[in-house]
Amino acid sequence: MAAGMLAASMTLVSPGAAPLGVAPLAAQEAAPGVGAKAPVVTVNDLEGEPVDLGAFIGRKPVLIEFWASWCGSCHQLLPAIRAAHGRYGDRVEFLGINITVNDPPERVRRYLAEHAPPFRVLYDDQGASVRAFDVPATSYVVIIDRTGTIVYTGSGGSQRLEPALRRVVEH
């Protein structure tokens, strides 16, 4: 009986054609990777005020870490972020975009008070940057040169940020 109902609901279409009212499938846009222009979106800060990433991207080198207070890899990566900021913080904009999953603003504020990460904190409660950068996981880092081109992407707690940062500062 189920097979009969399925057969009754099927629509036959000529090969290569789409059913009426349905667009043919197109290739999915690729996530912005190394060599691509970084997407420029607006993300809220922790107070709910919009921050245009275009104020940084394409103007000076930028390091973005997509993070959460509960992320073990983010905790593991924090010393490398601190060291990188100590060395390049006067020439590179450091942004920490909280992905907001299971991370309410109060928890983020407590984390900031306790750990004082060395980046401007943004709170992506609308998911704009997470979607634009197609963020696969927390502790995802994107390094962008002064022209707005992505030169590095990586995730995990033990990333080698130094070579990419040196390259964006020297060029």
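Preceding this section is the structure that the text describes.
Residues numbered from 1 in each chain as written. Predicted model: local features only at pLDDT ≥ 70, side-chain atom pairs only at ≥ 80, totals over all residues. Heavy atoms only, no water.

**Student:** Any chance you could break down the overall build of the protein for me, citing the residues and the numbers?
**Tutor:** Assigned secondary structure in the protein consists of 5 helices and 7 strands. Reading the secondary structure of the protein in the N-to-C direction produces α-β-β-β-α-β-α-β-α-β-β-α. A total of 171 residues make up the protein; the buried ones form 43% of that total. Contacts spanning at least 24 positions in sequence make up 70% of the contacts within the protein whose residues lie at least 6 apart. On the protein, roughly 9,600 Å² of surface is accessible, and the fraction owed to carbon and sulfur atoms is 55%. (Helix = DSSP H or I, 4+ residues; strand = E, 2+ residues; numbered from the N terminus. Buried < 20%, exposed > 50% of the residue type's maximum accessible area, 1.4 Å probe, protein only. Contact = heavy atoms within 4.5 Å. Areas by Shrake-Rupley, 256 points an atom, 1.4 Å probe, with all protein chains shown as cover.)

**Student:** An account of the side chain of E93 is requested, with residue identities and associated values reported.
**Tutor:** Position of E93 relative to the elements: it lies in strand β4 (residues 93-98). Apart from the residues lying within four places of it in its own chain, the contact partners of E93 are F56, K60, P61, V62, L63 and R120.

**Student:** Any details on the nonpolar core? Residues and values, ideally.
**Tutor:** If you look at the biggest cluster of nonpolar residues, it comprises 48 residues, and the most contacted ones within it are L53, L63, F66, F133, I143, I144 and L165. Counting only elements with at least two residues in this core, the list comes to β3 (62-67), α2 (72-88), β4, α3 (105-115), β5 (120-123), β6 (140-144), β7 (150-155) and α5 (162-170). The contact partners of L53, leaving out residues within four places of it in the chain, are V40, V41, V43, L95, I97, L122 and F133. (Core = buried A, V, L, I, M, F, W, Y, C linked by side-chain atoms within 4.5 Å.)

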